Each structure stands twice: as structure tokens, then as C-alpha cells.
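Residue-level structural notes
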Amino acid sequence: MAEQPRVLIVDDDEDILVAARLMLKREGILCHTEPRPDRIPQLLKDGTFDAVLLDMNFAIGANTGREGFQWLKRIVEIDPTLSVVLITAYGDVGTAVEAMKQGAADFVLKPWQNERLLATLSSALKLTASKREAQQSAATTKELASVALDGTPNTIIGSAPAMARIFALLDRAAPTEANVLILGENGTGKEVIAREIHRRSKRATQVFVSVDLGSVSESLFESELFGHKKGAFTDAKEDRVGRLVAANGGTLFLDEIGNLPLYLQSKLLSVLEQRVVIPVGGTKPIPIDVRLVSATNMPLDQLGREDVFRQDLLYRINTVELHLPPLRDRADDIPALIDHFVAIYARKYNMPAKKVSAAAMPRLMAWRWPGNVRALRHAVERAMILSGGPMLEAEDFSLPSTAGQAPAAPVAASAPAAAPAGTLVLDTLDLEAVEREAIRKALSKHQGNISHAAQDLGITRASLYRRMEKHGL
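Residues numbered from 1 in each chain as written. Predicted model: local features only at pLDDT ≥ 70, side-chain atom pairs only at ≥ 80, totals over all residues. Heavy atoms only, no water.

Here we come to the pattern of salt bridges. Taken as a whole, this structure holds 23 salt bridges when the rule is applied. Residue D106 is joined to R116 by a salt bridge in which the shortest nitrogen-to-oxygen separation is 3.9 Å. Of this pair, D106 sits in strand β5 (residues 106-109) while R116 sits in helix α5 (residues 114-151), and the two are 10 residues apart along the sequence. Of the charged contacts in the structure, one is a salt bridge between R200 and E196, with a shortest N-O distance of 2.9 Å. (Salt bridge = Lys/Arg side-chain N within 4 Å of Asp/Glu carboxyl O. Helix = DSSP H or I, 4+ residues; strand = E, 2+ residues; numbered from the N terminus.)

Structure, rendered in C-alpha cells:
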């Protein structure tokens with residue numbers, strides 16, 4: 001059973017304290033009431049609260065809200081994850097905006113409507129839970145980062161000239177607050193680079209939030225990014241914190257950003273410029289502070305078309321551009337990558353690490369790896385599982401028999417051999433080849449856009465990814 005939420009109510013009006021306590025008790029919310037604001041630091045030290053209802057005026061005749069803002073600041077300093085809802089009999093739009101800027105979750109006027117106060121408090125409780133989850137995730141990220149720095153200082157494998165340029169750009173761009181756009185084919189490691197940018201940034205101890213826009217239904221794009229309020233649409237059964245708010249203080253990685261519909265591109269641009277988010281169905285802005293890293297497999301010239309992507313948004317997201325090379329342009333890195341993946345899967349499957357045979361390595365380096373590093377990783381995993389010998393051979397990687405070899409000379413056409421009597425002769429098609437060619441044409445037609453290619457083929461994105469892996473695309 002989930003723990004009951006605990007709320008601290010601070011107001012010098014005893015009637016207000018009693019009314020609020022009785023109402024919230026009926027809702028299963030534990031309350032602690034306090035008429036003296038100077039007790040707040042000790043109360044927060046002695047117990048854990050999930051939200052605070054805080055009056056803005058305590059001195060007799062006061063109506064400026066100055067005391068409320070002072071105690072709001074103190075609460076935020078003590079526990080930045082704790083949501084504070086300000087309550088007062090004196091309020092206007094300017095006061096509400098100022099309260100939000102200084103860290104309040106919301107603002108309620110006296111006398112309140114019970115339904116309104118409950119809804120506001122419910123949202124505040126969820127925001128606290130979300131902040132604390134993000135804080136825990138950030139602590140875990142920090143711990144993992146420290147382990148990685150102690151053990152393997154550079155998790156990106158590559159010494160080819162094309163990767164040296166990437167490392168040089170990372171050294172300069174990662175420590176800044178610049179938005180980064182990562183370009184490259186599927187499987188080149190765009191998310192790995194995004195995480196490396198975060199790890200080397202000043203936000204490394206904060207949360208890293210990743211969103212694959214290629215796997216999000218178009219009808220859910222807005223809710224996924226900006227969040228929504230309960231009742232905003234048919235399936236909005238409760239408030240939802242969007243990914244932009246969840247990434248507050250950290251890094252937001254938007255993969256396949258080229259899939260974002262034009263009508264939402266303008267809203268994302270507004271969010272990045274104003275640094276506030278308004279959830280679907282909401283009216284109040286939520287301040288955010290995120291660093292944006294985006295990625296796409298769409299060629300830059302196509303992304304630059306007005307009917308595909310807003311130019312003003314493109315300028316905003318690509319302060320720095322990183323063009324990741326395909327694996328075929330960094331074949332010298334293949335041996336090191338294979339050793340890296342072999343070590344990973346040897347640990348995962350509790351088996352001895354194996355070396356690639358001298359005969360197999362040239363074929364692996366000559367293969368063009370249409371699926372890039374991702375395809376190589378999957379091939380190594382499969383080879384480790386299926387290999388029966390002490391060495392990894394080319395056959396263990398399921399490469400085509402001609403991979404890395406010169407093409408065979410053409411064979412002159414000849415009449416088919418006569419079939420034995422009583423045998424039914426059928427003309428056959430290589431269904432595997434037909435499927436591979438269909439997928440290749442669909443990917444080419446849509447410039448590598450997985451979502452559009454899958455729709456054209458009448459299959460899901462997940463199914464297309466499986467078939468691409470099977471055919472080495």
C-alpha cells in the first residue's frame with residue numbers, strides 16, 4: 001500500500017488551519033498545521049513532507065505577500081524538491097507569476113473552493129514525487145559516472161581520423177551550454193554521443209532524459225514533451241509531467257527530431273526561447289532550465305526544407321553540429337569495437353572472451369555494415385552465443401559468403417538440368433532477397449526515416465528494426 005502523503009499547512013488563522021486539516025483528512029492526506037512560520041525550518045528538519053500550503057501574510061494588516069516570498073525562498077533552500085502552494089486573501093496575476101518565478105508550485109486565493117484546492121494540492125504532490133525521482137536518478141547517474149571515470153575514462157571507441165574530429169568537437173562543446181545537433185545514419189551511436197556530452201557537461205550530476213520521437217505516436221507528441229492536465233483529452237485520467245519538465249536542470253535528448261510535426265515545432269521553439277512550458281489543457285507556465293541535444297538520421301539538406309522543418313527552430317537546436325561517420329568510413333576501428341563488445345557479452349553470458357580469427361578479421365573490416373555500430377554489436381553478441389570453437393570465425397557473424405571477397409565472375413546461362421522422372425519442377429523466388437530489397441527501397445524512398453518506411457511497408461517500427469537487423473541494413 002502506498003504511503004499517505006504528508007502536507008504541512010502554515011497559516012496564522014486558526015479557522016483556516018482547522019478547515020484545511022478536516023478537508024484533507026477526508027481525502028486520506030496526513031496534515032501538520034502550524035501558525036508560526038518561524039517553526040518551518042525545524043519542522044522540515046524533523047519530518048518529511050510532500051507539500052506545503054503556505055500563507056503569504058502573517059503580520060497584522062499585511063497584504064504585500066513579502067513574508068510569504070521570504071519563507072518560500074527558505075523552504076526551497078532547505079528542500080528544493082518540496083512543492084509549495086501559496087495561499088492568500090490578496091492576490092492578482094502579477095503576484096501569481098512572481099510566486100511561480102520564485103519556486104512556488106501554484107497559487108490559491110482565500111476563500112478557496114475545496115475542489116480547486118484539492119486539485120492544486122494533488123498536482124503539487126505529483127510534482128514533488130517527480131522531482132524526488134529525478135533527484136534519485138541524478139544521484140545514481142553521478143555514482144555511475146564516477147565509476148566509469150575510475151574504470152574506463154573514455155567509453156567511446158574510436159581512433160580513426162573521422163572520430164578524432166568528433167572527439168575534438170566534444171572537448172570544446174560539451175562543457176558549454178550550447179544546444180547540439182547530432183547527425184548520422186541509423187546505428188552510428190548518436191545517443192552514446194549525447195550521453196557523453198551530458199557526462200562531460202556542468203549538468204553531469206543532474207538527470208539525462210531521452211525521448212525517441214520516432215517511436216512516439218503523433219497523437220501523443222504534445223503530451224510526451226509538454227505534459228498534460230487531467231481531463232485535457234479523453235485518455236487524460238490524471239496529470240502528467242512532460243519530458244521537458246522532467247529534464248529540468250539536466251539534459252534533454254530528442255532523438256529522431258526530424259519526425260516532430262510542424263505544428264509542434266513552433267511550440268518547441270517557443271519553449272526554448274521563453275524557457276517555460278504550459279502543459280496540454282493547462283494555463284500556468286512552468287519554468288524550465290534544460291540543455292537540448294537533438295539527433296536525426298535525416299540529411300541536413302532535407303531537414304533544411306521549409307515543408308519539413310522550421311528554419312528558426314533548426315538554428316536554435318544546432319548551435320553545434322556533430323556529423324557522426326558511418327562505420328564503413330572508420331573500418332580501422334572495427335577490431336577495437338569487436339574487442340569491446342566481446343568483453344561486454346563475455347561478462348553478460350558468463351563465458352570466456354574470444355578472439356576473432358586471422359581469416360575472419362579482414363572480412364569483417366571489408367563488410368560495409370549497413371546498420372553501422374549497432375549492427376556490429378548485435379553481430380558480436382550473436383557470434384558469442386553461437387560460436388562453438390575457441391575463435392570467432394566469419395561464419396559466426398552471419399556475414400554473406402561474399403563479404404570482403406571479390407565478386408565472382410558471371411556464369412554463362414545454361415539450360416536447367418532435367419529433373420528426375422516424377423519430380424514436379426517449380427520456379428522459385430528468394431523470399432529473403434525480396435524482403436530485403438523491399439526494405440532497402442522503402443528506406444531509400446524515405447531517406448532513412450524509420451517511421452515513414454515502416455508505414456509504407458505496413459509493419460511496425462519494431463518489426464522493421466528486427467528485419468533491418470536480420471538483413472544487415
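This part covers the side chain of D106. Given a relative accessible area of 11%, D106 falls into the buried group. Apart from the residues lying within four places of it in its own chain, the contact partners of D106 are V84, V85, L86, M100, R116, T120 and K284. (Buried < 20%, exposed > 50% of the residue type's maximum accessible area, 1.4 Å probe, protein only. Contact = heavy atoms within 4.5 Å.)

An ideal rise of 1.5 Å per residue puts 18 Å on 13 residues; helix α6 (residues 161-173) measures up with 19 Å between its terminal C-alpha atoms. Listing the buried residues of α6 in full gives A162, M163, I166, F167, L170 and A173. Taken end-on, α6 shows its buried residues confined to a sector of 140 degrees, consistent with a single buried face. Opposite the packed face of α6, turned more than 90 degrees from it, sit the exposed residues P161, R165, D171 and R172. For α6, the elements touching its buried residues are α7 (190-200), β11 (291-296) and β12 (320-323). (Expected span 1.5 Å × (residues − 1). Arc of directions from axis to C-beta.)

Of all 6 residues that make up strand β4 (residues 83-88), 6 are buried, and the element is covered over most of its length. Where burial is concerned, the two faces of β4 agree: the one with S83, V85 and I87 and the one with V84, L86 and T88 are both buried. Inspection of the sheet shows strand β3 (residues 51-55) paired to β4 by 5 bridges, in the parallel sense. Directly across from A51, in β4, lies its bridge partner S83. Alignment of β4 against β5, held across 4 bridges, turns out to be parallel. Looking at β5, one finds that V85 is bridged to D106. (Pairing = 2+ DSSP bridges.)

On to the sheet that holds β4, then. Across the sheet, which stays open at both edges, the 5 strands sit in the order β2-β1-β3-β4-β5 with parallel pairing between neighbours. The two strands at the open ends of the sheet, each matched to only one other strand, are β2 (30-34) and β5. Between one strand axis and the next, the sheet turns by 20 degrees as a mean value, whatever way the strands run. Bridge count for strand β1 (residues 6-10) against β2 is 5 bridges, and the pairing is parallel. (Axes fitted to C-alpha atoms, helices over the stretch in contact; angles between N-to-C directions.)

Okay, the nonpolar core next. The biggest cluster of nonpolar side chains holds 33 residues, and the ones touching the most others in it are L244, L254 and I317. For this core, the secondary structure elements donating two or more residues are β6 (180-183), β7 (208-212), α8 (221-226), α9 (243-246), β8 (251-255), α10 (262-274) and α12 (311-317). By residue number, the principal contributor to this core is α10, which donates 5 residues. Residues contacting L254, with those up to four places away along its chain left out, are V211, L213, L225, L268, L292, V293, S294 and A295. Grouped together as the second largest cluster of nonpolar side chains are 28 residues, L337, A360, A379 and V380 included. (Core = buried A, V, L, I, M, F, W, Y, C linked by side-chain atoms within 4.5 Å.)

With that settled, consider helix α15 (residues 372-386). Helix length check: α15, at 15 residues, gives a terminal C-alpha distance of 21 Å against a target of 21 Å (1.5 Å per residue), a fit within 8%. Looking only at α15, the buried set comprises N372, V373, A375, L376, A379, V380, E381, A383 and M384. Buried residues in α15 make contact with α13 (334-348) and β14 (391-392).

What follows is about the confidence of the model for the chain. Residues of the chain with pLDDT of at least 70 account for 85%, and the chain-wide mean is 82. Mean pLDDT in the chain bottoms out at α5, which sits at 71, and peaks at β6, which reaches 97. Of the regions scoring below 50 in pLDDT, residues 143-154 engages in 5 contacts with residues more than four places distant in sequence or in other chains. Taken as a whole, residues 405-429 scores under 50 in pLDDT and shows 2 contacts with residues more than four places along the chain or in a different chain. (pLDDT = per-residue confidence, 0-100.)

With that out of the way, let us pick up the packing of α6 against α7. Axis separation between α6 and α7 bottoms out at 10 Å; the angle between their running directions is 35 degrees. Handedness of the α6/α7 crossing: right-handed. Here I166, F167, L170 and D171 of α6 lie close against α7, whose contacting residues are I193, E196, I197 and R200. For the contact of α6 with α7, a count of residues per class yields 5 nonpolar, no polar and 3 charged. (Left-handed = near helix turned anticlockwise from the far one by under 90°. Nonpolar A, V, L, I, M, F, W, Y, C, P; charged D, E, K, R; others polar.)

What follows concerns unusual backbone geometry. When glycine is set aside, most residues are seen to have a negative phi, and most peptide bonds are trans. You will see that E256, though not glycine, has its phi angle at about 55 degrees, which is positive. Backbone geometry places R275, a non-glycine residue, at a positive phi of 60 degrees. Within the secondary structure, R275 is located in the loop between α10 and β9 (276-277).

Overall, parallel pairing links the 5 strands, which are arranged β7-β8-β11-β6-β12 in an open sheet. The sheet is open, and its two edges are formed by β7 and β12, each paired on a single side. Averaged over all pairs of adjacent strands, the angle between their axes in this sheet comes to 15 degrees, without regard to strand direction. Of the strands in this sheet, β6, β7, β8, β11 and β12 touch α7, which is tilted by about 155 degrees from β6.

Time to look at the packing of aromatic side chains. Counting across every chain of the model gives 2 aromatic pairs. A centroid spacing of 6.2 Å and a plane angle of 25 degrees characterise the contact between F208 and F253, whose relative ring orientation is stacked. Taken together, the residues F208 in strand β7 and F253 in strand β8 connect sequence positions 45 residues apart. Both residues of the pair, F208 and F253, count as buried. With a centroid separation of 6.2 Å and 20 degrees between ring planes, the pair formed by Y345 and Y349 is classed as stacked. Look at Y345 and you get buried, because its relative accessible area is 4%. Its relative accessible area of 32% is what places Y349 among the partly exposed residues. (Phe/Tyr/Trp six-rings, centres within 6.5 Å; stacked < 30°, edge-to-face > 60°.)

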